[in-house]
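# What the coordinates show
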Amino acid sequence: MEHEARVETPSAGDEMTDIVLVDSESYVNVELDVEQNKVEQNKSGAITQALFQNAEDEDESDESDDDSGTDHFNSEKSGTQLQRCERNRGVNSSLPDTFQTSHLLFYERFKAYQDYMLGDCKPSEVKAFTADYLEKVVEPCDWLALWSIDVFDVLVEVRDVDWKDLKACVGLVLPLQCETRGCELTEESMESLLEATQHKVPLQELQVVYDQSGDFDQTALALEHLRFFYKHIWRQWDEEDEDDDFDYFVRCVEPRLRLYYDILEDRVPAGLVAEYQSLLKNCSQCFQQFSVLCSDLSTDSDSELDNVSMVEGLKLHDQLETLKRKLHIFENPLLRYVLGYKGNARQQCVQSRGPRASGMKVVHVVTASCSTVQLQSLLRDRLLPLCSSEDTEIQFHRDPVSAVDSCHQGDVVLVLPGIYSVSSSIFLPDSITIEGFGLPDEVVIEKKNKGDSFVESTGADVRLSNIKFIQHDAIEGILCVRQGTLNMENCVLQCDTTGVIVRTSARLDMNMCDLYGSKGAGVEIYPGSVCNLVGNGIHHCKDGILIKDFADELDVMPSITMENNVIHNNEGYGVILVKPNTSKDPAADPTAEDKQHGGVPDAPFVSTTNQTPSSSADVQPESAENNSSTDGGVASTSGRKWQFSRQLSRNKETSCSRVVQDLMDHQIFVSIQGNQFRRNGMGDFGNFFY
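Residues numbered from 1 in each chain as written. Predicted model: local features only at pLDDT ≥ 70, side-chain atom pairs only at ≥ 80, totals over all residues. Heavy atoms only, no water.

What follows covers the overall build of the chain. Helix and strand content of the chain: 16 helices and 38 strands. Taken across its 690 residues, the chain has 45% of its residues classed as buried. For the chain, long-range pairs separated by at least 24 residues make up 68% of all intrachain contacts whose partners lie at least 6 apart in sequence. Within the structure as shown, the chain displays about 35,000 Å² of accessible surface, and the carbon and sulfur contribution to it stands at 48%. (Helix = DSSP H or I, 4+ residues; strand = E, 2+ residues; numbered from the N terminus. Buried < 20%, exposed > 50% of the residue type's maximum accessible area, 1.4 Å probe, protein only. Contact = heavy atoms within 4.5 Å. Areas by Shrake-Rupley, 256 points an atom, 1.4 Å probe, with all protein chains shown as cover.)

Below is the structure:
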């Protein structure tokens, strides 16, 4: 039926013109359809631009082919922008090459997940968001791929895609083209396998066959993002989280993605990586046991067996929540820094050699060359006093590592002036003495290549003096006392990452040393350790001294002596104490003003004493319990929120002695006097609550 509508519009000459619209309803419907098509095209165009930079709208490229100098992906002339991944072909292999997509940079994956694949979805919405993303990007049919699993690679043709289940309907490419690993495949066996799966295989198991046209670049990249996500980001328990009302990308995807690239680029210590992987494995096993137990429970049964299973399920649930909280600490860069890891999963092969069977003592002299005057001075001042008995001999070495590796208990290493570049870590498993024969700036040991540690001490009584250590391109600290006692005097430590680490049950006596340049803490002190710091300079680090107080029942407080130290010009705090939340503190809930001055989500609570240059002499202790903790009940739940606030001192006149008042209130300090705190960026003393 035809409809007419008459519209009168003014013309240029102020005359009325009649316009007749025929079949106006159909016209409106056509307009709506066009608009909807435009919206869909815009969405697809946005996805395309996310995957390929410098891509232009398809319509624009058709209209202005001559001027599209930056259009590299929509033009058939330019072809693919992805590299070819050449296969290591076997003797009888005829499989084609695939696209190289495994070497994407952090920001490429970050942008794809944040802007186009996941957005601000909740954990329960991840699969739906992912399916919607793939539907807009992946070719729906008629493309070749390798179906790759642990035991074989086989060439298939994708005939259809089930977006909801993230699976593809595939068929074999005949004749059969495959590579096997530990099995034999025939065309009949592969057809039987596909029939058993209804010819559907997971999309993440498909690798797109290389094509120079560029038509399948988007498909190859989308499947790479999908494959990487479910292999490295997604956890089985994410969807089971009771607290589902949060941004999954912010809380889970971003920190896990950053941790993956930190590990890939050797920015995380090997011990920490091993512990994280072990923790992840244990959490997966615990979740599997818990899931099986829950599926076996009968909702209507009151039998004794079900009651026992219920109790066991509660235990597994508590264990799972504990493991998930520990994983959260590893995945959060800030918490990973302040809490670190307690044990060293990478046990060193170096064992204590003990004394020589002959009872002989050896003095090891390290020098590449020396003058006659130096040799005479060495002989007069050190060798004759040390070699007065017949059971002592002298050995010469060109570098400190070989000298230390030759040491037995009771040996002495004398390092003559020079710059010694070493390529491996120095392990000190025995009670030995290493002494620089000269001033620290004259006796320099420098480690240049990348590694987990520089110096590691496990000997019962190790002594270092008059040496300068310089660290480059490091992952762990410059010196770690894992067990035993290390006495260090008149040394200079030029750090790269963390400075000196004192592990649980270890002891450090550090006197008259200069430590600087640490990107972490100058000195890290673990629970159960003993640390005596006298007359040292600790400056130009991220934090001066970091004291760790873990929440485990077996942890005991460290014992610390600080006397006559100068702690200055550190970026963060002079001294920061890391401790668990144990009681309610109203200050832990930041006000709006606190949030404007630095409150950020997913961060712990920090209480700060910010003050002018101060000295710790002649100060009486004063309680500081009000600023020391937050609600422990909240801290023990899996859904707790991390908060950060900074409290500035409101009284500059009384704040000069506040740092010592706070320090003296903690029982971990045996003695603290004569210390000077100057120009520390965030304050001289802070509490970090987790």
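Attention shifts here to the pattern of salt bridges. In this structure the tally under the stated criterion is 22 salt bridges. A salt bridge links Arg 235 to Glu 331; its shortest N-O distance comes to 3.6 Å. Taken as a pair, Arg 235 in the loop between α6 (217-233) and α7 (248-264) and Glu 331 in helix α9 (residues 304-331) lie far apart in primary sequence, 96 residues in all. Classification of Arg 235 as buried rests on a relative accessible area of 7%. Exposure remark for Glu 331: the relative accessible area of 7% places this residue in the buried category. Where Asp 441 meets Lys 468, a salt bridge forms, and the shortest distance between an N and an O atom there is 3.9 Å. Highlighted residues: Asp 441 in the loop between β16 (433-436) and β17 (443-447) and Lys 468 in strand β20 (residues 468-471), separated in sequence by 27 residues. Given the relative accessible area of 15%, Lys 468 is considered buried. One salt-bridge network, held together by shared partners, links Arg 235, Asp 238, Arg 256 and Glu 331. (Salt bridge = Lys/Arg side-chain N within 4 Å of Asp/Glu carboxyl O.)

Bringing the packing of aromatic side chains into the picture now. The full count for this structure, using the stated rule, is 16 aromatic pairs. Judged by centre distance (5.2 Å) and plane angle (85°), the ring pair of Trp 147 and Phe 152 falls under edge-to-face. In this structure, Trp 147 and Phe 152 share a single accessibility class: buried. Ring geometry for Phe 229 against Tyr 248: centres 6.4 Å apart, planes inclined by 70°, an arrangement best described as edge-to-face. On the criterion of sequence distance, the pair formed by Phe 229 in helix α6 and Tyr 248 in helix α7 is long-range, its members being 19 residues apart. Here the aromatic residues Phe 106, Phe 110, Phe 228, Phe 249, Tyr 260 and Tyr 261 are joined through ring pairs into a cluster of three or more. (Phe/Tyr/Trp six-rings, centres within 6.5 Å; stacked < 30°, edge-to-face > 60°.)

Residue Pro 175 follows Leu 174 across a cis peptide bond; omega there is -5°. Phi angles above zero are rare outside glycine, and Asn 466 is one such case at about 60°. Mapped onto the elements, Asn 466 comes out in the loop between β19 (462-465) and β20. Its identity is not glycine, yet Asn 564 carries a phi of approximately 60°, on the positive side. Along the chain, the position of Asn 564 falls in the loop between β31 (559-563) and β32 (566-568).

For the rest of this paragraph, the subject is the sheet that holds strand β25 (residues 506-511). Strand order in the open sheet formed by 10 strands is β12-β11-β13-β16-β19-β22-β25-β28-β31-β36, and the pairing between neighbours is parallel. The open sheet has two edge strands, β12 (392-397) and β36 (669-673), and neither has a second partner. Across the sheet, the axes of successive neighbouring strands diverge by a mean angle of 10°, strand direction being ignored. Of the strand pairs in this sheet, β25 and strand β28 (residues 530-534) are connected by 5 bridges, and their pairing is parallel. Bridge assignment links Asn 511 to a residue of β28, and that residue is Val 534. Sheet contacts for helix α11 (residues 372-386): β11 (361-366), β12, β13 (412-415) and β16; angle to β13, the most-contacted strand, approximately 175°. (Pairing = 2+ DSSP bridges. Axes fitted to C-alpha atoms, helices over the stretch in contact; angles between N-to-C directions.)

With that out of the way, let us pick up α7. For α7, with 17 residues, the first-to-last C-alpha span of 23 Å sits near the 24 Å given by 1.5 Å per residue. Listed as buried for α7 are Tyr 248, Phe 249, Arg 251, Cys 252, Val 253, Pro 255, Arg 256, Leu 257, Leu 259, Tyr 261 and Asp 262. Capping of α7 at its N-terminal end is provided by Asp 247; its side-chain oxygen lies 3.0 Å from the backbone amide nitrogen of Phe 249. Following α7 by one or two positions, Asp 266 has its phi on the positive side, about 60°. (Expected span 1.5 Å × (residues − 1). Polar contact = N/O pair within 3.5 Å; in protein donor to acceptor, adjacent residues only side chain to side chain.)

With that out of the way, let us pick up the packing of helix α3 (residues 106-117) against α7. Direction vectors running N to C along α3 and α7 enclose 165°, while the axes themselves pass 11 Å from each other. On the basis of their axis angle, the class for α3 and α7 is roughly antiparallel. Of the two elements, α3 crosses α7, and the hand of that crossing is right-handed. Facing Phe 106, Arg 109, Phe 110, Tyr 113 and Gln 114 of α3, the residues of α7 in contact are Phe 249, Val 253, Glu 254, Leu 257, Arg 258 and Tyr 261. Residues belonging to the contact of α3 with α7 are distributed by class as follows: 7 nonpolar, 1 polar and 3 charged. (Parallel < 35°, antiparallel > 145°, perpendicular 65-115°, else oblique. Left-handed = near helix turned anticlockwise from the far one by under 90°. Nonpolar A, V, L, I, M, F, W, Y, C, P; charged D, E, K, R; others polar.)

Contact pair α6 / α7: the axes reach a minimum separation of 11 Å and the direction vectors enclose 85°. Considering their axes alone, α6 and α7 lie roughly perpendicular with respect to each other. Contacts between α6 and α7 pair Phe 228, Phe 229, His 232 and Ile 233 from the former with Tyr 248, Val 253, Arg 256, Leu 257 and Tyr 260 from the latter.

So, about the confidence of the model for the chain. Per-residue confidence for the chain averages 76 on the pLDDT scale, and 70% of its residues sit at or above 70. Predicted confidence is poor over residues 584-605, with pLDDT under 50, and the contacts of this stretch with residues over four places away or in other chains come to 50 contacts. Here residues 617-657 scores under 50 on pLDDT; set against residues more than four positions off or in separate chains, the count is 100 contacts. (pLDDT = per-residue confidence, 0-100.)

Counting 62 residues, the largest nonpolar core has Met 488, Leu 508, Ile 545 and Met 562 as its most contacted members. For this core, the element with the most residues is β13, which contributes 4 residues. Of all hydrophobic cores here, the second largest spans 51 residues; its members include Phe 99, Met 117, Val 138 and Leu 172. (Core = buried A, V, L, I, M, F, W, Y, C linked by side-chain atoms within 4.5 Å.)

Moving on, we come to the pairing of β17. For β17, a buried count of 5 out of 5 residues is recorded, marking the element as mostly surrounded by other parts of the structure. Burial of the side chains of β17 extends over both faces: Val 443, Ile 445 and Lys 447 are buried on one face and Val 444 and Glu 446 on the other. Here 4 bridges tie β17 to β20, and the two strands are oriented parallel to one another. Along β20, the bridge assignment pairs Lys 447 with Gln 471.

As a further point, take the environment of Ser 358. Note that Ser 358 resides in the loop between α10 (333-339) and β11. Once the C-alpha coordinates of Ser 358 and Asp 391 are considered, the two residues, 33 residues apart in sequence, prove to be 8.8 Å apart.

As a further point, take the environment of Gln 204. Take Gln 204: it is sitting in the loop between β9 (200-202) and β10 (206-208). For the pair formed by Gln 204 and Ala 168, sequence separation is 36 residues and the distance between their alpha carbons is 9.6 Å. Ignoring anything within four residues of it in the chain, the contact list for Gln 204 reads Leu 226, Arg 227 and Tyr 230.

Counting along an α-helix, one turn takes 3.6 residues, and residues three or four places apart therefore face a common direction. With 12 residues, α3 extends 15 Å between its outermost C-alpha atoms, agreeing within 8% with the 16 Å of an ideal straight helix rising 1.5 Å per residue. For α3, the set of buried residues is Arg 109, Phe 110, Ala 112, Tyr 113 and Met 117. With its buried residues spanning 165° around the axis, α3 presents them on a single face. Looking at the buried positions of α3, the neighbouring elements they touch are α4 (126-137), α6 and α7. At the C-terminal side of α3, Gly 119 shows a positive phi close to 60°. (Arc of directions from axis to C-beta.)

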